[in-house]
Amino acid sequence: MEGGEMIEARRISKFFSIVNKEGIAEGLTACLSVTLSIEKGKIITLLGPSGCGKSTFLEILAGLQAPSEGEVFIDGVRVLEPLPSTRAEMDAYRKRYRFLSPLANDLFRDRPKHDIAMIFQDYAVFPWMTVLQNVTFTLKLRGLRRAEREKQALFYLNKVGLGASLHKYPSQLSGGMRQRLAFARALSVEPKAILMDEPFAAVDLLTRERLQDDLLKLLDSSGITIVIVTHDVAEAAYLSDEIIIFSPSPGTIRNRFTIDVPRPRRRDHPELADIQERISRLLKYDIDNESEYSI
Amino acid sequence: MQVEQQYGSKGFGRLTRGAGLFLRNSFGSLFSREFIKVLIPLLLLWEVIPRFDILPRTLAPTLSDVALAFRDMVINKGLLLHILYSLGKFLAGLLIAVFTAIPIGIFMGWNLPIRKHTLPLFQILAPIPPPAWVPLTIIIFGIGLPMQIYLIFLGAFYPILFNTYQAIKDTDPRYLSSARVFGASELTLICNIYFWNALGAIIMSVKTGVAIALVMLVIAEMYGGRSGIGYLLVEAKDFFQIPAMVVCMLVLGMIGWFSIEILKFAELKLALWKVGR
Amino acid sequence: MVTLLLVILCVVFAFQSTRKLFSPKAIIGHNGSPLLAFLYAADEGDEGREAFTAAKFNSSADVGYALLSGTIHAGFIEPEKALELSRLSGFDNLVVLGKVTFPYGVTVITKKGSSLRLQDINGHHIGVPSDNPALLEEFTTAVSKYPVQLKQVNYQFLPSDAIIPALDAGKIHGAIVKGSKSVIAISDGHNILFQKWDMEPGNECCPPVIDQLEFVLLAQKKEQTRNRALVEILTGSAALNPSVLRAALSRAEHVPETLFADLPLASFELADNQLLSLFSQHSGTDHHK
């Protein structure tokens, strides 16, 4: 629709109702009217302390959760149909989704609706499939034939450096290799966008830095739009073109920072350090003041 | 060298190696060095105590009495044939239970509306202990093979059903999200994710089912079989043949042990990915 | 190791203990057979009610085990089973007190509602007890006096307790059974097609004791006074008016009295020397197998 926008989120809000310690139901606002546009080919980071709704927002972008309000468009196509507004629509909606949730794909046919991939922090790869099977699984969902699947899977697995572990099970791999497998799986379907939810949180610092470099190398001029959720400020500064700060309760966009430093970047680049400093101060201020709303 | 390669590569070689591994695992764990140290004295006591009339020999047969009775039963009473009958019924009931309980459990765990409609019914019927079903089963099926297979099926059904649906229900949603975002259909999810994730729990539930099915096998055969180990057991009791009774008990124990060992082996082979966790 | 030894010792002592509690009233075990009309009648009578209670067991083997362990005082067991019981060492504490005999010989029964006649038996499936094949010979000899064709009869050999179920299921049209089984068949509602009435002990075809003997009464050897009293009561009961016995039987079996109207009743007598010698012979040889 609008030129150059890969992912567009308009006024996304997500409300939960939870039961608090006294047993009274109360509302929890995960996100409040978040509007965000992400250009093609950019790497965007959503940054913020834990529990500020960035993971929820990411899942809404992916179509894994339905927003309470608002809409998401990926490359012009709407993610998840609009929630009913009139009474009649509500009845029809309820009737249609009596059996299967609206978040589920088709009952029998594999239907990748949008050309996106997602990587989670843990549980990204299936432990009962070998490395090779993990990648061919997603390719099969795209409808490729067996020979093509294997060829493409091998290509990407070699690219991430797992060519020697094709028939191993994920439990036999180290944490870093498992995340690389997740990358291979995401890249192998050649998506337009990849969404990552704290992808490097489960590994140690050294591995993390290696994986970050590997990621940048893999994405080198591939034109894939990346959205990363993280709470590591240095990582955000090193990787992204734009950092979006989320503030907690309710989750809203607090601030944006654009980083114009060309890649390959040095981790100790002065501009990065400066931005990190500013972001840290901002986050600390938020935590200290525990602001309810930010305008 | 070439012959070895020819036989050792696929098919036959794999089969014998698998069987060898199975036998080593099962018998090895049972007859370990430590247990032999306990077993031999026990066997000696068993032989000696009735001989010296510490226990009356006709009511507590010695090991050799039992062995002789075993030999007699194999030659004269067709014990092996009865074992085959019992195994056949046992497997039939068990397989029917597995192939009904697992699909139903999968559907119940996968979809909440289905579960809401069906689970309460099973929760009402399950607590009825399987032996209490015998009279009703006799009324409906009469006495004979269908009644026996039904009772065995009933014993194995509920443990498998409940454990399967629970395991499927508790699949980590992140696995499902991982697949859904790539466009996986519900069918793909069930076959590739729900099922494999729950496989460990499913096999464990089948083990429980086997234990209960074995109990039901004996009960079913006692109530009007003409064949099978349970029938031999009751007949031996009716005619005061104590050594034959002991033989039947031991045979039943062995059938149960063997079934569990097979399942343990299947678990080992199928759940390779859990190794190392 | 120590715990194991302790466990074994406990089991041994449990077996050894012979202190059993006898209730003031003797318990007589039985398996609910319709041949024991005299027992049921005695149980209802005043004398009987004071002296003993009749306890129904699921099978006569259970009666045997209860006798061995001393929890009941006396019990009725089928002779074949009693012979097997006599091989066990606990039998030394028991004594053969009496016997129950039934006067009729071989019988042909047909399913309830069947209209099969003896003349038409040719071509039908007839069950024969595989553990008592002499009955077939008895039947053919007995029937030879009548104009009945047996050439095309299809004999099916089945174990004797499978015969009535097979009749029920319709697998056989009729069955040749021991005389006393007819009482059980009648109480299940089946018909008697033919019955040999002129049975004499000592017929060449069948060993007299086993053929007519339905039950033996075993009792604890030590309780001699009680045993004497029991035999008196039971013999007296067996000599009662048949209609009284039939009434007691129908109450015990929960079937209408008219069912047994045409059938004779089993009789109870003190064990004779023949029976006693049979048992001592049998138990003597096979004591330690």
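Q: Before we go on, may I ask you to explain the overall build of chain A in this structure?
A: The helix and strand inventory of chain A stands at eight helices and 10 strands. Its C-alpha radius of gyration of 20 Å places chain A within 12% of the 19 Å reference for a compact globule of 295 residues. For chain A, the C-alpha atoms occupy an extent of roughly 55 × 55 × 45 Å along the three principal directions. Of all 295 residues assigned to chain A, the portion counted as buried reaches 49%. In chain A, 68% of the contacts between residues at least 6 apart in sequence involve partners at least 24 apart. Approximately 14,700 Å² of chain A is accessible, and the part contributed by carbon and sulfur atoms is 50%.

Q: I would appreciate a short explanation of the interface of chain B and chain C in the present structure.
A: Often, the extent of an interface is quoted as the loss of accessible area upon association of its parts. Across the boundary between the two partners, chain B contributes 20 residues, which contact 23 residues of chain C. Run the count over chain B and chain C and you get one salt bridge. A salt bridge links Lys 237 of chain B to Asp 62 of chain C; the shortest N-O distance between them is 2.8 Å. Put simply, chain B and chain C have five residue pairs in polar contact (both at pLDDT 80 or more) between them. The set of elements that each furnish at least two residues to the side of chain B that touches chain C consists of helix H3 (33-51), helix H11 (229-238) and helix H12 (242-270) of chain B. Tallying contributions element by element places H3 of chain B first for the side of chain B that touches chain C, with four residues. Of the residues belonging to the side of chain B that touches chain C, the class tally is 13 nonpolar, two polar and five charged.

Q: Honestly, the environment of Val 231 of chain C in this entry has me stumped. Any pointers?
A: All names here are of chain C. Along the chain, Val 231 falls in helix H10 (residues 224-238). For the pair Val 231 and Glu 269, spaced 38 residues apart in sequence, the C-alpha to C-alpha distance is 8.0 Å. Excluding its chain neighbours within four sequence positions, the residues that come into contact with Val 231 are Leu 97, Phe 268 and Leu 270.

Q: What is the right way to read a nonpolar patch on the surface from this model?
A: Residues and elements named next belong to chain B. Taken together, the side chains of Leu 23, Phe 27, Leu 30, Phe 31, Phe 35, Ile 36, Ile 40, Leu 44, Phe 258 and Ile 262 make up a nonpolar region of the molecular surface, amounting to roughly 830 Å² of accessible area. Where the nonpolar patch is concerned, the elements lending two or more residues are helix H2 (12-30), H3 and H12. With four residues, H3 is the single largest residue contributor to the nonpolar patch. Looking at where Phe 35 falls in the secondary structure, it is placed in helix H3. For Phe 35, a relative accessible area of 33% corresponds to the partly exposed category.

Q: Honestly, the interface of chain A and chain B in this entry has me stumped. Any pointers?
A: Of the residues lining the interface, 36 residues belong to chain A; the matching set on chain B comes to 28 residues. Summing the contributions of chain A and of chain B, the shared interface buries around 2,800 Å²; its carbon and sulfur component is 68%. In this assembly, chain A and chain B are joined by zero salt bridges. One can count seven residue pairs in polar contact (both at pLDDT 80 or more) joining chain A with chain B. Residue assignment for the side of chain A that touches chain B shows that the elements contributing at least two residues are strand S6 (116-119), helix H3 (131-141) and helix H5 (175-188) of chain A.

Q: Before we go on, may I ask you to explain helix H2 (residues 37-44) of chain C in this structure?
A: Owing to its 3.6 residues per turn, the α-helix aligns residues three or four sequence positions apart on the same side. Of all eight residues making up H2 of chain C, six are buried, and the element is well covered by its neighbours. Looking only at H2 of chain C, the buried set comprises Ala 37, Phe 38, Leu 39, Tyr 40, Ala 41 and Ala 42 of chain C.

Q: Would you take a moment to explain the sheet that holds strand S6 (residues 125-129) of chain C for this structure?
A: Within a sheet, each strand pairs with its neighbour through backbone hydrogen bonds, oriented either parallel or antiparallel. Residue and element names in this part refer to chain C. The sheet built from five strands is open, its strands ordered S7-S6-S8-S5-S9 with mixed pairing. The two strands at the open ends of the sheet, each matched to only one other strand, are strand S7 (154-158) and strand S9 (191-195). Each strand axis lies, on average, 30° off the axis of its neighbour in the sheet, ignoring direction. The pairing of strand S5 (residues 107-110) with strand S8 (residues 174-177) spans four bridges and is classified as antiparallel. From the neighbouring strand, Ile 109 faces S8, where its bridge partner is Ala 175.

Q: In this structure, what is going on with the sheet that holds strand S1 (residues 26-30) of chain C? I would like to understand it.
A: All names here are of chain C. Taken together, six strands build an open sheet; the order of strands is S2-S1-S3-S10-S4-S11 and the sheet is mixed. Of all strands in the sheet, those with a lone pairing partner are strand S2 (52-56) and strand S11 (267-270), marking the two edges. Adjacent strand axes in the sheet meet at a mean angle of 25°, parallel and antiparallel pairs treated alike. Its contacts with the sheet place H2 against S1, S2, strand S3 (74-77), strand S4 (94-101) and S11, and it is angled at close to 135° to S2. Along the sheet, helix H4 (residues 60-69) contacts S1, S3, S4 and strand S10 (213-220); its crossing angle with S3, the most-contacted strand, is approximately 150°.

Reading guide: rules and limits
In this numbering scheme, every chain counts its residues from 1 along its sequence in written order. Chains carry letters and ligands carry numbers; both start at the beginning, A for chains and 1 for ligands, and go up in the order they are written. In keeping with the model being predicted, local features are shown solely for residues with a pLDDT of at least 70 and side-chain atom pairs are shown and tallied solely at 80 or more, while totals for entire chains, interfaces and linings include all residues. Excluded from the side-chain calculations are hydrogens and water; all other atoms, namely the structure's heavy atoms, are used. Where helices and strands are cited, they refer to DSSP runs of H or I of at least four residues and of E of at least two residues respectively, numbered from the N terminus. The reference for a compact globule is 2.2 Å times residues^0.38; the radius of gyration itself is calculated from the C-alpha atoms. The cut-offs for exposure are 20% and 50% of the maximum accessible area for each residue type, with area from a 1.4 Å probe on protein chains only; residues under the lower value are buried, those over the upper are exposed, and the others partly exposed. By definition in these notes, contact holds between two residues if any of their heavy atoms fall within 4.5 Å. The method behind every accessible area is Shrake-Rupley, applied with a 1.4 Å probe, and residues are considered shielded solely by the protein chains displayed. Salt bridges are counted wherever a side-chain nitrogen of Lys or Arg sits within 4 Å of a carboxyl oxygen of Asp or Glu. Nitrogen and oxygen atoms within 3.5 Å of one another constitute a polar contact, given that in protein one can donate a hydrogen and the other can accept it, and given that sequence-neighbouring residues count only through two side-chain atoms. The classification used treats Ala, Val, Leu, Ile, Met, Phe, Trp, Tyr, Cys and Pro as nonpolar, Asp, Glu, Lys and Arg as charged, and all other residues, Gly among them, as polar. Residues enter patches when their relative accessible area tops 30% and they take part in no salt bridge; the joining distance is 9 Å for like charges and 5 Å for the nonpolar side chains Val, Leu, Ile, Met, Phe, Trp and Tyr. When two components associate, each loses some accessible surface as probed by a 1.4 Å sphere; the sum of these losses over both components is called the buried area. The pairing criterion for strands is at least two bridges between them, as found by DSSP. To get an axis, a line is fitted to the C-alpha atoms, and for a helix only the part in contact is used. The angle between two axes follows their N-to-C directions and goes from 0 to 180 degrees.

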